[in-house]
Amino acid sequence: MPKAKAAKAPKEKKADDPNKSAPGAGKAEKKKETGLGLSTKRDEDFGAWYSQVVVAGDLIDYYDISGCYILKPWAYAQWEYLKEFFDREIKELEVENCYFPMFVSASRLEAEKDHIEDFAPEVAWVTRSGNTDLEVPIAVRPTSETVMYPHYAQWIRSHRDLPLRLNQWCNVVRWEFKHPTPFIRSREFLWQEGHTAYSSKAECDVEVRQILELYRRVYEEYLAVPVVPGKKSEKEKFAGGDYTTTVEAYVPGSGRGVQGATSHCLGQNFAKMFNIEYEDAKGGRSLVWQNSWGFTTRTLGVMYMVHGDDDGLVLPPKVAPVQAIVIPIPNSKLSDEAKQKMDEIATGMCKSLKAAGVRSKLDNRDNYTPGWKYNHWELKGVPMRVEFGARDLETGTCVIARRDTREKETVKIEDLTKRCSELCEQIQKDMFERARKIRDENIVSLTSWDGFIEALDAKKLIMTPWCNTKDSEELVKKKSTAESTGGAAKTLCIPFEQPALEAGTKCFITGEPATCWVLWGRSY
């Protein structure tokens, strides 16, 4: 069997740490009363909390290769909801799905030096087949520009072959050594990568923003996570591209920013490298203009970090595999006939909810107590719990408990489907608004270096006027590293929505004339 060669990985603990400082993080200890729960509170040790919640919430299992994780059905279903939305939307833009091999020849991978430079330390190489060394090592794709573009050069001959819009849903491998963290930073992950070619830069510019808007919708409309759309700095942009746009999220528990998804304008850089040219309408030869764009299973990790609490996951209804869990609560005083009636009514509730478009499940297992079931489904983040007890059987009512606020309300059984449908929309909206309020409260504006480190160490993101140079960005990195033990600051993005920049405003770090406002922070 072929083997992937890379530098020896550091020994990985069971609890991969998203906070780079999770002493004692390990397998979730069990609460004695239920056999469920988390032993670490989110605000006390965020890294340890996250390491526990992704396992206890039934999202992943650890694998025997460091940095690789098994996505369990509960997590994979959430990825499928995002995939279904995005796939539908890009098809409306006439993007077609395809699939290219995961292996890349060394000659192709190294053809674009600037592009591969950033990926080189992370590339895994297949060097053997059985007991025989391969004559030429083969790389496992870290991304697919160099896989796909030689074929674009073959397929695009005339202006009539344009635009070419392709997307593939696949896995990629990047042999990360920076603190593997489930969903956030792993050596193999799932993603979509779109690769398009046009006859003009103007067409590329339009598509870049169209795709970025879809990524914003993934986060804000589905994951209930607010993001800041913007442009990456020259230092942070995609290697080999003209410019990179991004949506940036904020994780309150760690105070870090996180790159949510990116949409790149590649210009003609790859067209020149791979000779992707065509006969234009005037009979001349022209190079194509290209874009690439992608989002990954990192989206899920961001959602868990932003919304989770001390009792586990809190899932927005749009991506919850189960939106309402129905739990009948019989007691020992009920007759067998009454218990059967209760079970039949609860089954009918579940069927009615499904018929109304509410993803629901009946938990009538008799080997677990109601308290155990409550904790179990709270830990998994189910948005609504429907309780149906002996008194409810008499009154024709049931109780709906919200996961996000813990609020409870009693409703008539005949009104259950209508109310749950309403709550799905309300919970989705409320979760987003709460997250946005917290995010906004943690963005501060500064016009000088004074207070920058204090804000950074207080887990804030920082908006400053900036001269937009690589040297000044490197200066901020050096100064923040020297003046704080919490890690370096970096630019997250230059937001598209810019505060007013008054004439004469100086860059906060160099004193040179500022050209824009930029968002800084520590980042995953």
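Because the structure is predicted, anything quoted here is derived from the model rather than measured.

**Considering the overall build of the chain**
Logical step 1: Counting secondary structure elements, the chain contains 14 helices and 24 strands.
Logical step 2: The C-alpha atoms of the chain give 26 Å as radius of gyration, which agrees with the globular expectation for 524 residues (24 Å, within 12%).
Logical step 3: Projected onto its principal axes, the C-alpha positions of the chain cover 85 × 55 × 50 Å.
Logical step 4: Considering only intrachain contacts with a sequence separation of at least 6, the fraction spanning at least 24 residues in the chain is 70%.
Logical step 5: Entry remark: accessible area of the chain is about 23,900 Å², with carbon and sulfur atoms responsible for 49%.
Logical step 6: Measuring between centres, the 75 positive side-chain charges of the chain sit 3 Å from its 78 negative side-chain charges.

**Re the packing of aromatic side chains**
Logical step 1: Applying the stated rule across the entire model yields 27 aromatic pairs.
Logical step 2: Each ring, one from Phe86 and one from Trp169, has its centre 6.3 Å from the other, and the planes form 85°; the classification is edge-to-face. Pair noted here: Phe86 is in helix H2 (residues 73-92) and Trp169 is in strand E8 (residues 164-173), with a separation of 83 residues, a long-range link.
Logical step 3: For Phe86, a relative accessible area of 0% corresponds to the buried category.
Logical step 4: Relative to Tyr304, the ring of Phe183 has its centre 5.2 Å away and its plane inclined at 75°; by these criteria the two rings are edge-to-face. Pair noted here: Phe183 is in the loop between E8 and strand E9 (188-198) and Tyr304 is in helix H8 (residues 298-307), with a separation of 121 residues, a long-range link.

**Description of the sheet that holds strand E11 (residues 243-251)**
Logical step 1: Spatially, the 11 strands line up as an open sheet ordered E4-E8-E9-E15-E12-E11-E10-E23-E24-E22-E21, and their pairing is mixed. Of all the strands in the sheet, just strand E4 (96-97) and strand E21 (443-445) have a single pairing partner and so form its edges.
Logical step 2: For E4 and E8, the ladder comprises 2 bridges, and the chain directions are parallel. Residue pairing across strands places Asn97 opposite Asn167, the latter belonging to E8.
Logical step 3: Contacts from H2 reach E4, E8, E9 and strand E15 (289-296) within the one sheet, and its direction differs from that of E15 by about 155°.

**Brief notes about helix H5 (residues 145-155)**
Logical step 1: Burial analysis of H5 places 8 of its 11 residues in the buried class, which makes it a mostly covered element.
Logical step 2: Among the residues of H5, those classed as buried are Glu145, Thr146, Val147, Met148, Tyr149, Pro150, Tyr152 and Ala153.

**So, the domain arrangement of the chain**
How big an interface is tends to be stated in terms of accessible area lost as the parts join.
Logical step 1: The domain architecture assigned to the chain consists of domain 1 (58-307), domain 2 (324-423) and domain 3 (442-521).
Logical step 2: Summarising the inter-unit geometry, the C-alpha centres of domain 2 and domain 3 are found 51 Å apart.

**A short note on the pairing of strand E24 (residues 516-521)**
Logical step 1: Of all 6 residues in E24, 6 are buried, a share of seventy percent or more.
Logical step 2: Residue alternation in E24 divides its side chains into two sets, Cys516, Val518 and Trp520 and Trp517, Leu519 and Gly521, and both sets are buried.
Logical step 3: Examined bridge by bridge, strand E22 (residues 461-466) and E24 share 5 bridges and lie antiparallel to one another. Paired with Trp466 across the two strands is Cys516, which belongs to E24.

**Considering the pattern of salt bridges**
Logical step 1: According to the stated counting rule, one finds 37 salt bridges in the structure shown.
Logical step 2: Notably, a salt bridge pairs Arg42 with Asp43, separated by 3.6 Å at the nearest N-O pair.
Logical step 3: Classification of Asp43 as exposed rests on a relative accessible area of 65%.
Logical step 4: Between Glu422 and Arg419 there is a salt bridge, and its shortest N-O distance comes to 3.1 Å. Within this pair, Glu422 and its partner Arg419 are both found in helix H12 (residues 416-441), separated by 3 residues, close to a single helical turn.
Logical step 5: The exposure class of Glu422 is partly exposed, given its relative accessible area of 32%.
Logical step 6: The class of Arg419 is partly exposed, set by a relative accessible area of 25%.

**Points about unusual backbone geometry**
Logical step 1: For the peptide bond that leads from Leu162 to Pro163, omega is -5°, which places it in the cis range.
Logical step 2: Inspection of the secondary structure puts Pro163 in the loop between H5 and E8.
Logical step 3: The backbone phi angle of Phe183 is positive, close to 75°, even though this residue is not glycine.
Logical step 4: The exposure class of Phe183 is buried, given its relative accessible area of 7%.

**Considering the packing of H2 against H8**
Logical step 1: Closest axis-to-axis distance for the H2/H8 pair is 10 Å, and the angle between their directions is 110°. With respect to each other, H2 and H8 are oriented roughly perpendicular. Judged by the twist between their axes, the crossing of H2 over H8 is right-handed. For the pair formed by H2 and H8, the contact residues are Ala75, Gln78, Trp79 and Leu82 on the first element and Thr299, Leu300, Met303 and Tyr304 on the second.
Logical step 2: Of the residues that constitute the contact of H2 with H8, the class distribution is 6 nonpolar, 2 polar and no charged.

**Some words on a nonpolar patch on the surface**
Logical step 1: On the surface, a nonpolar cluster with roughly 270 Å² of combined accessible area is contributed by Tyr63, Ile65 and Ile70.
Logical step 2: In this structure, Tyr63 sits in the loop between strand E2 (60-62) and strand E3 (69-71).

**Side note on the side chain of Glu122**
Logical step 1: Mapped onto the elements, Glu122 comes out in the loop between helix H4 (113-117) and strand E6 (124-129).
Logical step 2: No salt bridge is formed by the buried Glu122, whose closest oppositely charged neighbour, Arg174, lies at an N-O distance of 4.6 Å.
Logical step 3: Those residues within four positions of Glu122 in sequence are excluded, and the remaining contacts are Val173, Arg174, Trp175 and Glu176.

**Some points on the packing of helix H9 (residues 336-355) against H12**
Logical step 1: For the pair H9 and H12, the least separation of the axes is 9 Å and the interaxial angle reads 50°. When the axes of H9 and H12 are compared, the pair comes out oblique. Crossing of H9 against H12: the hand is right-handed. Within the contact between the two elements, H9 uses Met349, Ser352 and Leu353 and H12 uses Leu416, Thr417 and Cys420.
Logical step 2: Class assignment of the residues belonging to the contact of H9 with H12 gives a composition of 4 nonpolar, 2 polar and no charged.

**Some words on helix H1 (residues 46-56)**
Logical step 1: Judged by how many residues are buried, H1 sits mostly within the fold: 9 of 11 residues are covered.
Logical step 2: For H1, the full list of buried residues reads Phe46, Gly47, Ala48, Trp49, Tyr50, Ser51, Gln52, Val53 and Val54.
Logical step 3: Residues of H1 that are buried sit in contact with E2, E11 and H8.
Logical step 4: Of the residues one or two after H1, Asp58 is the one with positive phi, at around 65°.

Thresholds applied
Residues numbered from 1 in each chain as written. Predicted model: local features only at pLDDT ≥ 70, side-chain atom pairs only at ≥ 80, totals over all residues. Heavy atoms only, no water. Helix = DSSP H or I, 4+ residues; strand = E, 2+ residues; numbered from the N terminus. Rg over C-alpha atoms; globule rule 2.2 N^0.38 Å. Contact = heavy atoms within 4.5 Å. Areas by Shrake-Rupley, 256 points an atom, 1.4 Å probe, with all protein chains shown as cover. Lys, Arg positive; Asp, Glu negative; His and termini not counted. Charge placed at Lys NZ, Arg CZ, Asp CG, Glu CD. Phe/Tyr/Trp six-rings, centres within 6.5 Å; stacked < 30°, edge-to-face > 60°. Buried < 20%, exposed > 50% of the residue type's maximum accessible area, 1.4 Å probe, protein only. Pairing = 2+ DSSP bridges. Axes fitted to C-alpha atoms, helices over the stretch in contact; angles between N-to-C directions. Domains from an automatic or database assignment. Salt bridge = Lys/Arg side-chain N within 4 Å of Asp/Glu carboxyl O. Parallel < 35°, antiparallel > 145°, perpendicular 65-115°, else oblique. Left-handed = near helix turned anticlockwise from the far one by under 90°. Nonpolar A, V, L, I, M, F, W, Y, C, P; charged D, E, K, R; others polar. Patch = residues over 30% accessible without salt bridge, like charges linked within 9 Å, V, L, I, M, F, W, Y side chains within 5 Å.

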